[in-house]
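# Secondary and tertiary structure notes
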Amino acid sequence: MADLHEFYPLRRHNTFGFDVRARFAAHVRSEDDLVAALADPRVAGLPVLVLGGGSNVVLTADLQALVLLMEIPGFSARASETAWLVTAGAGENWHALVCRTVTEGMPGLENLALIPGTAGAAPIQNIGAYGVELRERFASLRAYDRASGTFVELDAAQCAFGYRDSLFKQAGKDRYIITAVTLRLPRPWQAVLGYAELARELHDEPAPGAAAILDAVVAIRSRKLPDPTRIGNAGSFFKNPVVSAAQGAALLAVHPGMAHYTQADGRIKLAAGWLIDQCGFKGVRDGAVGVYEKQALVLVHHGGGNGAQLLALSTRIADAVQARFGVRIEPEPVVL
Ligand code: EPU
């Protein structure tokens, strides 16, 4: 029988810090631990939830589920002609991995510094920041396929990455449990400085190296985003909505100052943070939950509240944005 904990408190396992319990939880430090937990007769028929850093989930109630706390370690690197291939266990802390690769001379992840969570969680929402998305640095991953009961290797095409989206949020939801991720860091390295805010931060460095870019990203993020160890949050709470070229043009005619990014296909991505800010929510507090005062895109938990209160606030915000701009904004985290 697996080493299962009953009625396990999850407050330390979600970055919002919501105080809910799991009917069963298992610390998964190896693939054998994973197989053993899933096969335990006590959890037969229960839903399974995988938690990495718990940085992209809203826990609204106790979970009648088996919660797998993914802590599989591991780091290895090999060089090919054109890239470094770095394999990390699913439980490795993402930011520590970014720092380690840069320090050890394998740059390429620096724009993704300080994103909370684990290596195994990174592909699920195809994390992205400052001009780089995980899919551009991704080779393959290893996962347990609950449908076949075997371990499989999936490449980038099979992972079907999109903006904050992948197979693991769509057709493969609840099917795969990621145990290791292999990143592909192209050689020679090239700085990605296209993101205006990052370029501004580095204006007095003519040819910044990866370490300088990493420091700049850390500086920007620390200024704008609350540290989850101090104030409960899950980064951007809403995805940036993408509207048709026609709807974008109509909105811009009325709101010329609206933040927007034209996509390759002509559609227009709007800044959810700007839309929410315009509706007056920045810094608003509703009991134990609220909107971060420096960034309207981030919802925060000040302590003593619950996920249902946070969700109620998020619905109020989305309704206000819809009423004012005719655009529906959708939460980025998984709501449970
Ligand atoms: N804005 C406001 N008021 C606000 C917040 C933003 O007017 O309160 C305006 C800004 O001035 C800017 C625009 O809205 O013109 C965009 O804001 P910001 O740069 O703060 O956010 P973003 O670019 O939409 C995205 C990602 C972040 C990522 C950054 C950098 C999403 C939902 N968010 O934010 O990702 O770090 O770009 O690449 O795609 C995350 O997913 O958790 C996350 C932090």
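Residues numbered from 1 in each chain as written. Predicted model: local features only at pLDDT ≥ 70, side-chain atom pairs only at ≥ 80, totals over all residues. Heavy atoms only, no water.

In the numbering used here, UniProt assigns the "active site" (unreviewed entry) feature to Arg164, Ser236 and Glu332. These annotated residues cover 169 residues of sequence, but their C-alpha atoms sit close together, with the largest distance between any two at 10.9 Å. Checking the named residues against the largest pocket, the ones that line it are Arg164, Ser236 and Glu332. Secondary-structure assignment places serine 236 in the loop between strand S13 (232-233) and strand S14 (242-243). A relative accessible area of 22% means that serine 236 is categorised as partly exposed. (UniProt positions renumbered as here; feature names shortened; annotations may be inferred. 1 Å grid on protein atoms, 1.4 Å probe; cavity = no way out; pocket = protein on both sides within 12 Å on 5 of 7 lines; lining within 4 Å. Helix = DSSP H or I, 4+ residues; strand = E, 2+ residues; numbered from the N terminus. Buried < 20%, exposed > 50% of the residue type's maximum accessible area, 1.4 Å probe, protein only.)

The sheet built from three strands is open, its strands ordered S14-S16-S15 with antiparallel pairing. Looking at strand neighbours, the two that pair on one side only are S14 and strand S15 (260-262), the edges of this open sheet. Inspection of the sheet shows S14 paired to strand S16 (residues 268-270) by two bridges, in the antiparallel sense. Bridge pairing in S16 places valine 243 opposite isoleucine 268. Contacting S14, S15 and S16, helix H6 (residues 245-254) crosses the sheet at an angle of about 50° to S16. (Pairing = 2+ DSSP bridges. Contact = heavy atoms within 4.5 Å. Axes fitted to C-alpha atoms, helices over the stretch in contact; angles between N-to-C directions.)

A few words now on the domain arrangement of the chain. For the chain, the assigned domains are domain 1 (5-70), domain 2 (75-186) and domain 3 (232-335). Here domain 2 and domain 3 have C-alpha centroids that lie 27 Å from each other. Contact with domain 2, which involves four residues of that partner, is made by four residues of domain 3. When domain 2 packs against domain 3, close to 470 Å² is buried across both sides, 45% of that on carbon and sulfur atoms. Three residues, Tyr163, Arg164 and Lys169, lead the burial of domain 2 against domain 3; their summed loss comes to 82% of the area buried on that side. Of the charged contacts, one joins arginine 164 and glutamate 332 as a salt bridge, the two residues approaching to 3.3 Å between their closest N and O atoms. One can count three residue pairs in polar contact (both at pLDDT 80 or more) joining domain 2 with domain 3. (Domains from an automatic or database assignment. Buried area = accessible area lost by both parts, 1.4 Å probe. Salt bridge = Lys/Arg side-chain N within 4 Å of Asp/Glu carboxyl O. Polar contact = N/O pair within 3.5 Å; in protein donor to acceptor, adjacent residues only side chain to side chain.)

The subject of this paragraph is the environment of aspartate 265. Along the polypeptide, aspartate 265 turns up in the loop between S15 and S16. Taking the C-alpha atoms as reference points, aspartate 265 and alanine 245, separated by 20 residues in sequence, lie 9.1 Å from one another. A polar side-chain atom of aspartate 265 sits 3.0 Å from the main-chain amide nitrogen of arginine 267.

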